[in-house]
Amino acid sequence: MEVAATNETPPSTAETSDAAVEPSLCIPISSSTTNQFIEIFPEELSTIQSSQLSAVLQDEKAPLKLWTDAATLYMTHKRERDSTSLLSTACEELLSKQNLGNKEERTRIFAATGIAYLTQANKSGTLNDNGLSVNSTSALDEQDRTAQQREASEYNTELRDLAEKHFSRSWNLTQLFPMTWIGRGMLNLSLQRTEKAKFFFKTTLKHCGMVLPALLGMACVQFKEGNYHDCLEMYSKAITLFPHKAGASARVGLGLACYQLGQVDRAKAAFQRAHAMDPENVEAMVGIAVLDVASLDETLSRDKDYRKMAENAMRLISMANLIDHSNAMVQNHLANYYFNKWTPVTGVTVRVEDGNAVVVGSGPINLDAGERIRIGYQFETNIVEEDDGDMMDDDSNIFKIKDVWKGAPTDGLKLWKKDYDRVIALAKGAYSSTTVQGIQAESLYILARVHHVRDEMEKANTFYERAVKIAPNLGPARFGLAQTLIWDETYDDAVCHLRFVANASPSATEAHATLGLLEVKSGKDRKGAFSNINKAIDLDPANADLVLLEALALQQQESDYPQALERYQKAIELMDSQGEHPSWIVLTNMGVLCHETKKFDEAFSCYGKAVVALERDELTIVKASLDVEHDSIQHIDNNLFWNYLDSGVQCSQISSDESKKTWTLEGKSPHIKVGDHVRLGDVFYSEIVEINGAELKLRDAHISQASEVTNDEEGKQESESPKINLAVKRSNGRLGIFSAISIAFNLARLHETKGRTVAAVELHKAIVKRHPSYVNSYLRLACIARDCGSLANCSEWLKSACAVAPGNPEVLTLVGNLHLSLCDWKPAQSVFNQLLEQKIPKVEAYSMLCLGNIYFNNLKTPDRYAKHLQYAADFYRRILNKDNANAFAANGLGTVMAEKADLPRAKEIFNNVREISGDSIPDALLNLGHIYLALSKHPEALQMYQSYMERTRNSDAPTSSKSQDEDEAEVLLYIAFAYFDWARQNEACNNAKAAPADDRYKKCINYIEIALNKTKRENLVLRYNWCMAKLAAANCVLQKLTRGIRRTAQEVQDALDGLQESLPKVQMMLQWKQEGKKVPVSSSLMNNFVVLCKANIESAKSHLSEETKKESEAHELRELQKMDAMAKQKEKELVLLEAQEKTAKEMEENETKARMKMEKVGALLESWEQEQSMAQNMSEKKKKKRGQMSNAPEAEDGDGDDDDIDPTKSLFDDDSDEEENADETTNKETKDESDAPVSESQPPQTEKELFGDSDDDDDDDKVTKNAEATPAPSGKDLFGDDDSSSDEELLPANKRGNDEVDDSNKDDAIPQKKRRVEDDGSD
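Conventions adopted
- Residues numbered from 1 in each chain as written.
- Predicted model: local features only at pLDDT ≥ 70, side-chain atom pairs only at ≥ 80, totals over all residues.
- Heavy atoms only, no water.
- Helix = DSSP H or I, 4+ residues; strand = E, 2+ residues; numbered from the N terminus.
- Buried < 20%, exposed > 50% of the residue type's maximum accessible area, 1.4 Å probe, protein only.
- Contact = heavy atoms within 4.5 Å.
- Areas by Shrake-Rupley, 256 points an atom, 1.4 Å probe, with all protein chains shown as cover.
- Core = buried A, V, L, I, M, F, W, Y, C linked by side-chain atoms within 4.5 Å.
- Salt bridge = Lys/Arg side-chain N within 4 Å of Asp/Glu carboxyl O.
- Disulfide = S-S within 2.5 Å.
- Axes fitted to C-alpha atoms, helices over the stretch in contact; angles between N-to-C directions.
- Parallel < 35°, antiparallel > 145°, perpendicular 65-115°, else oblique.
- Left-handed = near helix turned anticlockwise from the far one by under 90°.
- Nonpolar A, V, L, I, M, F, W, Y, C, P; charged D, E, K, R; others polar.
- Pairing = 2+ DSSP bridges.
- Patch = residues over 30% accessible without salt bridge, like charges linked within 9 Å, V, L, I, M, F, W, Y side chains within 5 Å.
- Lys, Arg positive; Asp, Glu negative; His and termini not counted.
- Charge placed at Lys NZ, Arg CZ, Asp CG, Glu CD.
- pLDDT = per-residue confidence, 0-100.

**Let's talk about the overall build of the protein**
Part 1 of the reasoning: Of the regular secondary structure elements, the protein holds 46 helices and 18 strands.
Part 2 of the reasoning: Here the protein holds 1323 residues, and 40% of them are scored as buried.
Part 3 of the reasoning: When contacts within the protein are restricted to residue pairs at least 6 apart in sequence, those whose partners lie at least 24 apart make up 59%.
Part 4 of the reasoning: Total accessible area computed for the protein in this model is approximately 74,400 Å², and 49% of it derives from carbon and sulfur atoms.

What follows is the structure, given as structure tokens:
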């Protein structure tokens, strides 16, 4: 941001005018008496030099205000140098020497001069503006650039120092002049001291009101601090208060603030307004162009409106470059535009051929090597330098391209190129035109991209590094640097740069994906690697390329093959949904993964799809021909590479041929020969075995289902076979495509895995016939011959491979491995020495490893043990010195340490090998088992041996030169020996602790028997070991008695059987030894075995008879004990039975008692119900009786007249008398009932009578006696005492009211106490 300086009189807060017309400069003539003056109009100022105007002002003794006004006009017309020169003259000549003007005028001109110097310093931020001559082609030379940069920096520093000097002079005159504050704020802003600048601008606004320069300066500060809302507010105030003086620069600032806030439309409107106010405002033009380009939709790139808007945008940038050719930002935009623009090569067209990299033009073509061109509208490539220099001459019309043309031959194609020379010139000009490091870094990045696309990786790497050094946060430059480092195989540095880009730009999908792939390749942090790849996929889930990248990363490790295959399938699904087709490379990789994961049918399907995709990608139409048979491919499993072609001949079967194999040809075809595979019709396939004229004989019989019947001359009917088209099997020519060789080779490997050796050999031979330099097929043919036992053929194929590729490390490695498998140590040593001389890093390590193994396997050479052991250790150490993570070399060194009896160190090495390799080297497990066995750690040794067997059993290839079964037999022998040694260790205790030895001998014998079954021929060593294990097991059983261990007669019998079985075998081996046959066991050992075995047999027989007698006696004793136990058991059962019967009887009695009690309860309930019913009946009777009594006439009581009686009185009379009567009757009846004697059938009345005592176990008689002894409850007990005072009730003398009583009898009308009549028991 740049703030326009002004040196007008600081306006007050009341000032609101904004001049719309720029005033002219009027200079009064000092010698004139009529007030004449010189008027200079603004448009005339461009023709007047500052020195001329300075002389006029001095001659006319113009006031200081005119000097500042003239300087302001120069500044308005962007003549900063003239403005600065004029003001500096005023300061030096008028103020310093003549001391003219008042204090305010002098302060103003000092401040204005400082602002002018500062403005010139900001404008002179480029090398070209400093008056320096810069050659654009050499400006980027390191020394020249450094010198120019230093000179420009010194010049700018000098200008800022002058500005600071004049601000100080103004400050010394007065510290309250606003113009000085604004100048100091601008100076601090240019020096990136935003806090100080903010202080001066805020102070000006606080004390002077809304001053335009302070508003603009404060807006710049807010923009730099990232406070875009406050910045927008400041620019809005400035434009509102000073719509004209604010000018285009304020609108540009407003647009930038709006853009940062996401208000793109408002930003574009601000840029357009700025451009309208100042058509030469470069920043406004660039802003409009950038926003126009950003608003374009690339999917409509062929639309007319799209092209029109793009052209308008680039026209604005071009105009901006014409206006200000030193504007680095504009030059970078132009360079970026021309970097992506295709420029047509006028006047020529080109002709291309299928599969050819040579392009022929219709006229002379002036192109340089490395230039990027486009042929037609789709094919892009680079021009490469040809060995024949004449092809690249200026008058030549032929040039060579990097990629071959894929498609039909085409003529008249238009040629396009990238104008990289213009891009380089613009980028270099931008770099030289600025000192802003961010813009310089962008220029270097553009230059690096040009060299990158030209495949000039070293130059690209240099410019990328310089760009990153200047601007470390420039992500695209850092990503480009990582790409060049990957090309240079400097993966660690590339990972560092990619990690920085990924952290700085979380949405950079390519950075995340590439970083993940490199981390997977390094193998250091696979979890973090796949985390980065997954981040990239999450950012762009519909991008199939990212999913393919993940699949490529997964297939780096064998354990991830299933997941890799799954991701490939996901990528293909995405491609199908987007209407794209997977490439043949993707399908081939899928086929290989299916092969490795044992999905053989799917692998074959993928290879078939890959062939079809290859034809589509290569735009090649494959045609088969009957004339030439390039490839002898006829096997049914290789149907991807052959077809049946119509021979143009028909044939019919000879009906007289009983074999149904002879056919007659209807016509002749020179393409049919013996051995051809043919198809007759659509369903019958066979092979021609003989051709005799027009007749041919097939290998297979054909029974026709229909025939035509014709009559001969004699009228006899004859059947005639129909005519059938004859098709011949021929190669379809797909192997002619070079890329198809990879698919064919992988298919042949699939045949090998499936056991289809004939199909594999046929395909490999076809490959070497088509492409004799394809070494891999030679090697596979040699391996197939070796596996089939044909060492002569293997040698021939290896010789052919050596002839085709002499010195090829793969060929020599296979030759050396073949010699190793045959134990031909000297030829193998010679081959690996030859490989060692080639100094190829990976091959060198493998060669040293094999040489170390050769020396270690020849330790038994007489007088060479120590020497060979040292040589082996030296080779292993040489490998580890170069690669300390080489597990194979470490394993070899561990074997050397074990051979030297340094078991602790050997154990440590083998454990490190396991940790490094992840148990991928089974030999380390085997060696570690040997170490544990030597240390008498038998469980650990057995675990290692078992792990080794599991590893080798799961792998396809044998672990040594022997077969898989022989390897397993050898390991089983190790396991058997471990159990044998463990049993002997137990027997050393010679007491009861030796009990486990017998079981371990049995396991030893079992494993030896399994090993014997694994071997295809009789292994005398295994057989002798089996006999020795039998002998040791028998000896262990015989000694159990002395060791205090129980044994059985069966164990002794088994021991005796084992001895008797092993003795004749050893005797037979001893006989063979005496006969001179090769037996790998010494005679002394076998003789000792025979002696011991015979002695143990005799001992076993005596032990067996003794053990049998003991077992017989023990059996009789057990029978007696058994009978005694059975008798005691029966007695217990009888006692138990009696107890159960007694318990049952008691339970039955208890149930009877409970039932009787329940019956009593029922009777009691029934009596209570009867009493309740009787009481209810009695109550009803009393009510009826009381009702009859109420109907009788009442006795007179007193002198009242009958007429005075209320006739309605009876309606409301109280019936309390009835209740009293009923109560009396009831009490009487109850009393009578209570006095009556209790009958025998009366139910019990108490809880004890009902349920009995809880702890009473007496019989029912006692219960009955208790019931009889208990007196029956009386009425008082049942219903309470009736003699209580609560039963008494006060009643009136009669039922009449008080008004019916005569006054004379009032004293007599007192209440009388009425009692219930109680029966005292007397009549």
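**Focus on the nonpolar core**
Part 1 of the reasoning: By size, the foremost hydrophobic cluster in this structure holds 120 residues, and its most contacted members are Leu25, Leu53, Leu57, Leu86, Phe201, Tyr235 and Val423.
Part 2 of the reasoning: Counting 111 residues, the second largest nonpolar core, distinct from the first, contains Ile931, Leu942, Met949 and Val1090.

**Brief notes about unusual backbone geometry**
Part 1 of the reasoning: For Lys839, which is not a glycine, the phi torsion comes out positive at approximately 60°.
Part 2 of the reasoning: The backbone of Ala901 sits at a positive phi, close to 70°, despite the residue not being glycine.
Part 3 of the reasoning: Mapping Ala901 onto the fold places it in the loop between helix 34 (887–899) and helix 35 (903–917).
Part 4 of the reasoning: Note on Ala901: relative accessible area 58%, which makes it exposed.

**With respect to the pattern of salt bridges**
One side chain can pair with another of opposite charge once the charged atoms of both are near each other.
Part 1 of the reasoning: For the structure on display, the rule yields 26 salt bridges.
Part 2 of the reasoning: Here Asp560 and Arg526 are joined by a salt bridge, their closest N and O atoms 2.1 Å apart. Of the two residues, Asp560 is situated in the loop between helix 22 (544–554) and helix 23 (561–577) and Arg526 in helix 21 (residues 526–539); the sequence distance between them amounts to 34 residues.
Part 3 of the reasoning: The exposure class assigned to Asp560 is buried, which follows from its relative accessible area of 15%.
Part 4 of the reasoning: The closest approach of N and O atoms between Lys1003 and Asp999, which form a salt bridge, is 4.0 Å. Highlighted residues: Lys1003 and Asp999, both in helix 39 (residues 997–1014), separated by four residues, approximately one helical turn.
Part 5 of the reasoning: Through salt bridges with shared partners, a single network forms among Asp998, Lys1002, Lys1040 and Glu1051.

**Here we look at the state of the cysteines**
Part 1 of the reasoning: Counting across every chain of the model gives zero disulfides.
Part 2 of the reasoning: The closest cysteine sulfur to the non-disulfide-bonded Cys606 is located on Cys594, 4.4 Å from its own sulfur.

**So, the side chain of Glu1107**
Part 1 of the reasoning: For Glu1107, the position within the fold is in helix 42 (residues 1083–1190).
Part 2 of the reasoning: Ignoring anything within four residues of it in the chain, the contact list for Glu1107 reads Arg1047, Thr1048, Ala1049 and Val1052.

**Observations regarding the packing of helix 14 (residues 328–340) against helix 16 (residues 437–453)**
Part 1 of the reasoning: Two numbers describe how helix 14 lies on helix 16: the axes approach to 10 Å, and their chain directions differ by 20°. The angle between helix 14 and helix 16 falls in the class roughly parallel. As for the relative orientation of helix 14 and helix 16, their crossing is left-handed in sense. Two secondary-structure elements touch here, helix 14 through Ala328, Met329, Asn332, Ala335, Asn336, Phe339 and Asn340 and helix 16 through Ile439, Glu442, Ser443, Ile446, Arg449, Val450 and Val453.
Part 2 of the reasoning: Looking at the contact of helix 14 with helix 16 residue by residue, the class counts come to eight nonpolar, four polar and two charged.

**Topic: the packing of helix 30 (residues 809–821) against helix 31 (residues 825–837)**
Part 1 of the reasoning: Following both chains from N to C, one finds helix 30 and helix 31 inclined at 160°, their axes separated by 8 Å at the closest point. Here helix 31 runs roughly antiparallel to helix 30, going by the angle between their axes. Taken as a pair, helix 30 and helix 31 cross one another with a handedness that is left-handed. Counted together, Pro809, Leu812, Thr813, Val815, Gly816, Asn817, His819 and Leu820 of helix 30 and Trp825, Pro827, Ala828, Val831, Phe832, Gln834 and Leu835 of helix 31 form the full contact between these two elements.
Part 2 of the reasoning: Of the residues in the contact of helix 30 with helix 31, the class split is ten nonpolar, five polar and no charged.

**Digging into the sheet that holds strand 9 (residues 642–653)**
Adjacent strands of a sheet form backbone hydrogen bonds with each other and so pair up, either parallel or antiparallel.
Part 1 of the reasoning: In space, the six strands of this closed barrel follow the order 9-10-13-12-11-16, with antiparallel pairing throughout. If you compare each strand with its neighbour and ignore which way they point, the axes differ by 50° on average.

**Digging into the sheet that holds strand 7 (residues 398–401)**
Part 1 of the reasoning: On the basis of which strands lie adjacent, the closed barrel formed by six strands has the order 3-4-7-6-5-8 and antiparallel pairing. On average, adjacent strands in this sheet sit at an angle of 45° to one another, irrespective of strand direction.
Part 2 of the reasoning: Relative to strand 7, strand 6 (residues 379–384) runs antiparallel, the two sharing two bridges. Note on strand 7: the bridge partner recorded for Ile383 is Ile401.

**Observations regarding a negative patch on the surface**
Part 1 of the reasoning: A cluster of acidic side chains, namely Glu1009, Asp1054, Asp1057 and Glu1061, defines a negative patch on the protein surface.
Part 2 of the reasoning: By residue number, the principal contributor to the negative patch is helix 41 (residues 1049–1074), which donates three residues.
Part 3 of the reasoning: Note on placement: Asp1054 falls in helix 41.
Part 4 of the reasoning: Residue classification places Asp1054 among the partly exposed residues on the basis of a relative accessible area of 41%.

**What about the pairing of strand 12 (residues 684–692)?**
Part 1 of the reasoning: The sheet contact formed by strand 11 (residues 677–680) and strand 12 spans four bridges and is antiparallel. In the sheet register, His677 faces strand 12, and the bridge partner there is Glu687.
Part 2 of the reasoning: Hairpin connection between strand 11 and strand 12: a loop of three residues separates the two successive antiparallel strands, and Gly681 in this loop has a positive phi of roughly 75°.
Part 3 of the reasoning: Two elements, strand 12 and strand 13 (residues 695–698), share four bridges in a ladder whose sense is antiparallel.

**Observations regarding the confidence of the model for the protein**
Part 1 of the reasoning: Here the protein averages 77 in pLDDT, and 79% of its residues register 70 or above.
Part 2 of the reasoning: Counted against residues more than four places away or in other chains, residues 126–140, with its pLDDT under 50, gives 38 contacts.
Part 3 of the reasoning: Contacts of residues 1192–1323 to residues separated by more than four positions or lying in other chains number 78 contacts, the stretch itself having pLDDT below 50.

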